[in-house]
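Notes for the structure review
So you can see what is in the structure, the chains are spelled out below.
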There are 2 protein chains.
Amino acid sequence: MSERIPLEKKILSENDRLAKEARDEFSNHSVVALNLVSSPGAGKTSLLERTLPALGNDIRIGLIAGDVQTENDATRLIKAGGGEMVWPVVTGGACHLDARMIMRVLKDVDLDRLDLLFIENVGNLVCPSSFDLGELMKVVLISTTEGDDKPLKYPAMFRRSGLMVVNKTDLLGTSDFSMQRVVGNARSINPDLEVIETSCRTGVGLDKWEDWLRGLLASGQ
Amino acid sequence: MSERIPLEKKILSENDRLAKEARDEFSNHSVVALNLVSSPGAGKTSLLERTLPALGNDIRIGLIAGDVQTENDATRLIKAGGGEMVWPVVTGGACHLDARMIMRVLKDVDLDRLDLLFIENVGNLVCPSSFDLGELMKVVLISTTEGDDKPLKYPAMFRRSGLMVVNKTDLLGTSDFSMQRVVGNARSINPDLEVIETSCRTGVGLDKWEDWLRGLLASGQ
């Protein structure tokens, strides 16, 4: 399988070309696009469910909800206030979203009606790290129940993200997870990584996440 | 990228050929090999840390510990009693173990000294489902903090597993995770899936897991 590496390079270079098209689209329409990545069940959809009612009145939010199978997340986001601004992408087995899928969805999206676009990736800490979707930034979620060693074990994802949201802080103390260790491990990979602690269950810390999003939009994108 | 699908087929067919070699090796030496798969942080290493002292006196256990980066899991398993019978595999970015990696490790393994071989895969609910490692069975772990919809969202993994271990039962009640729903969802994908509930933290249910392993070994492999 000597052609495997060159083919991977070819796929990634084709992806980069399409990601640039997506990035230009976002830029031309002054849309901030964020690529949300995490393990399965870390709380990407829950975070977005909480974000929509908090910010949806003054920020025009769109959501692309990627899943290997089912449109469950999209359905949850529509109910949470996303309405017609939610676009599901079922990858049908593929372990990540790619820029081609995003460009296909963008045909149905009027970017002039959006300020902020969340792209919720497939739950997977490995493969989505390799595929640029044209986003301004990757936001990686990690939950306190996953263990504080995960940044060391899945370094590419933490290296390529601008913000780490540590979710499920209400469950701190139920394991030996240490906030200090997870932040130390993540910043040993990526010293510039910003960190916000949240509990989507209790709501603690969501104000900081919302302020961060407002700041990002206000900074002129 | 029209050649992508044929190449994937070629890679998988080459993997199947090597997996058959591994399977024959296990069979010739009467070794039961189990392929442990899950999301990152579901508790694969913790389960093995508990299993080694419980069964290690009368069953000869070997462990192949796969990780994208770091040998942390292997180090934990060596300390837990695995000793020289632990072989780390660092995939260096790859999102799954494949049969070639297993065959490479097996050169260093005297299978006559083993009854049971655990292969701890990379934490990833998608990609490892496609790669046969020559195992007798895949065992999928899911933790109660990940949400009970995961079997529907990552169906291939649950379809191709023989046993689902639902771990972190000590955290039941901290979210809306329902044991009934997760089992229902999993069996809607795979009606024959066996289920064992465990908490590696409290030890509850580990006796059932150990009995299941003893039964598997006693059944003549």
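For every chain, the first residue of its written sequence is number 1, and the numbers climb from 1 along that sequence. The lettering of chains begins at A and the numbering of ligands begins at 1, in the order of writing. Confidence filtering applies because this is a predicted model: local features only for residues at pLDDT of at least 70, side-chain atom pairs given and counted only at 80 or more, and all residues used for totals across whole chains, interfaces and linings. Only hydrogens and water are removed before side-chain values are computed, so all heavy atoms of the structure are retained for them.

**Some remarks on the relation of the copies chain B and chain A**
To line up the copies, we fit them by least squares on C-alpha atoms, keeping just the residues with pLDDT of at least 70 in both. If you rotate chain B by 180 degrees and push it 0.0 Å along the axis, it lands on chain A with an RMSD of 0.0 Å. Look at the turn and shift together and you get a two-fold axis relating the two. Residue contacts are counted whenever heavy atoms from the two residues lie within 4.5 Å of one another. A symmetric contact is evident, with 100% of the interface residues of chain B recurring at the interface of chain A.

**Remarks on the interface of chain B and chain A**
Taken residue by residue, the interface counts 41 residues in chain B and 41 residues in chain A. Once two parts are put together, the accessible area they lose, assessed with a 1.4 Å probe and summed over both, is termed the buried area. With both chains or domains summed, chain B and chain A bury close to 3300 Å², and 59% of this area falls on carbon and sulfur atoms. In what follows, salt bridge is the name for a side-chain nitrogen of Lys or Arg lying within 4 Å of a carboxyl oxygen of Asp or Glu. Across the contact surface, chain B and chain A share four salt bridges. In this structure, D73(A) engages K153(B) in a salt bridge whose closest nitrogen and oxygen atoms are separated by 2.8 Å. Of all the secondary-structure elements, those providing two or more residues to the side of chain B that touches chain A are helix 1 (4-28), helix 3 (72-82) and helix 5 (150-153) of chain B. By residue number, the principal contributor to the side of chain B that touches chain A is helix 1 of chain B, which donates five residues. The numbering of helices and of strands both runs from the N terminus, where a helix is a DSSP run of H or I of at least 4 residues and a strand a run of E of at least 2.

**Some details on the sheet that holds strand 6 (residues 161-167) of chain A**
Residues and elements named next belong to chain A. Pairing in this open sheet of seven strands is parallel, and the strands run 3-2-4-1-5-6-7 from one edge to the other. Of all the strands in the sheet, the pair left with one neighbour each is strand 3 (86-90) and strand 7 (194-197). Adjacent strand axes in the sheet meet at a mean angle of 20 degrees, parallel and antiparallel pairs treated alike. Of the pairings in the sheet, the one linking strand 6 to strand 7 comprises four bridges and is parallel in character. Across the sheet, the residue bridging to M164 is V195, located in strand 7. Only the contacting stretch of a helix is used when fitting its axis, a line to C-alpha atoms as for every element, and angles between N-to-C directions run 0 to 180 degrees. The sheet strands contacting helix 4 (residues 99-106) are strand 2 (61-67), strand 3 and strand 4 (116-120), and the helix crosses strand 3 at an angle near 140 degrees. The sheet contacts of helix 7 (residues 179-189) involve strand 5 (137-143), strand 6 and strand 7, and relative to strand 6 the element is tilted by about 165 degrees. A pair of strands counts as paired when DSSP detects no fewer than two bridges linking them.

**What about the packing of aromatic side chains?**
When we look at a pair of aromatic rings, we describe it by the centre distance and by the angle of the planes. Aromatic contacts are taken between Phe, Tyr and Trp rings whose centres are within 6.5 Å, Trp giving its six-membered ring; a plane angle under 30 degrees counts as stacked, one over 60 as edge-to-face, and the others as tilted. If you walk through the whole model with that rule in mind, you get four aromatic pairs over all chains. Three or more aromatic residues joined by ring pairs form one cluster here, namely F118(A), W209(A) and W212(A).

**Observations concerning unusual backbone geometry**
Excluding glycine, most residues fall at negative phi; most peptide bonds, likewise, are trans. Residue and element names in this part refer to chain B. With a phi close to 50 degrees, S30 is a non-glycine residue in the positive phi region. Exposure classes here rest on a 1.4 Å probe applied to the protein chains alone. A residue is buried below 20% of its type maximum, exposed above 50%, and partly exposed in between. Given the relative accessible area of 44%, S30 is considered partly exposed. Even without glycine at this site, K168 takes up a positive phi of about 65 degrees. Along the chain, the position of K168 falls in the loop between strand 6 (161-167) and helix 7 (179-189).

**Digging into the sheet that holds strand 1 (residues 32-37) of chain B**
Residues and elements named next belong to chain B. The seven strands lie next to each other as 3-2-4-1-5-6-7, forming an open sheet whose pairing is parallel. Edge positions in the sheet fall to strand 3 (86-90) and strand 7 (194-197), since each has one partner strand and no second. Pairwise comparison of adjacent strand axes, ignoring direction, gives a mean angle of 20 degrees for this sheet. Helix-sheet contacts for helix 7 involve strand 5 (137-143), strand 6 and strand 7, and the interaxial angle to strand 6 is about 165 degrees.

**A look at the packing of helix 2 (residues 44-55) of chain A against helix 3 (residues 72-82) of chain A**
Residue and element names in this part refer to chain A. Running from N to C, helix 2 and helix 3 point in directions that differ by 20 degrees, and their axes come no closer than 8 Å. Classified by the angle their axes make, helix 2 and helix 3 are roughly parallel. The way helix 2 lies across helix 3 gives a crossing that is right-handed. The residues of helix 3 that touch helix 2, namely those facing T45, S46, L48, E49, L52 and P53, are D73, R76, L77, A80, G81 and G82. Counted by class, the contact of helix 2 with helix 3 contains five nonpolar, four polar and three charged residues. Roughly parallel means an angle under 35 degrees; roughly antiparallel means over 145; roughly perpendicular covers 65 to 115; every other angle is labelled oblique. Handedness of a crossing follows from how the near helix is turned relative to the far one, being left-handed for an anticlockwise turn of less than a right angle and right-handed for a clockwise one. The residue classification treats Ala, Val, Leu, Ile, Met, Phe, Trp, Tyr, Cys and Pro as nonpolar and Asp, Glu, Lys and Arg as charged. All others, Gly included, are polar.

**Let's talk about the confidence of the model for chain A**
Here chain A averages 95 in pLDDT, and 97% of its residues register 70 or above. Per the prediction output, this complex has pTM 0.94; the corresponding ipTM is 0.92. Confidence scores here are pLDDT values: one per residue, from the predictor, ranging 0 to 100.

**A closer look at the packing of helix 2 (residues 44-55) of chain B against helix 8 (residues 206-218) of chain B**
All names here are of chain B. It is the contact of helix 2 with helix 8, at a shortest axis distance of 11 Å, that shows an interaxial angle of 65 degrees. Between helix 2 and helix 8, the crossing angle belongs to the class labelled roughly perpendicular. Pair helix 2 / helix 8 crosses with right-handed handedness. Facing L47, R50, T51, A54 and L55 of helix 2, the residues of helix 8 in contact are L206, W209, E210, L213 and R214. Across the contact of helix 2 with helix 8, the residue classes break down as six nonpolar, one polar and three charged.

**With respect to the pairing of strand 3 of chain A**
Here is the key point about a regular strand: its side chains alternate between the two faces of the sheet. All names here are of chain A. Two elements, strand 2 and strand 3, share five bridges in a ladder whose sense is parallel. Of the residues in strand 3, the one forming a bridge with D67 is V90. The handedness of the strand 2 to strand 3 crossover, carried by helix 3, is right-handed. By convention, orient the strands away from the viewer: a clockwise path from the first strand over the helix to the second makes the crossover right-handed.

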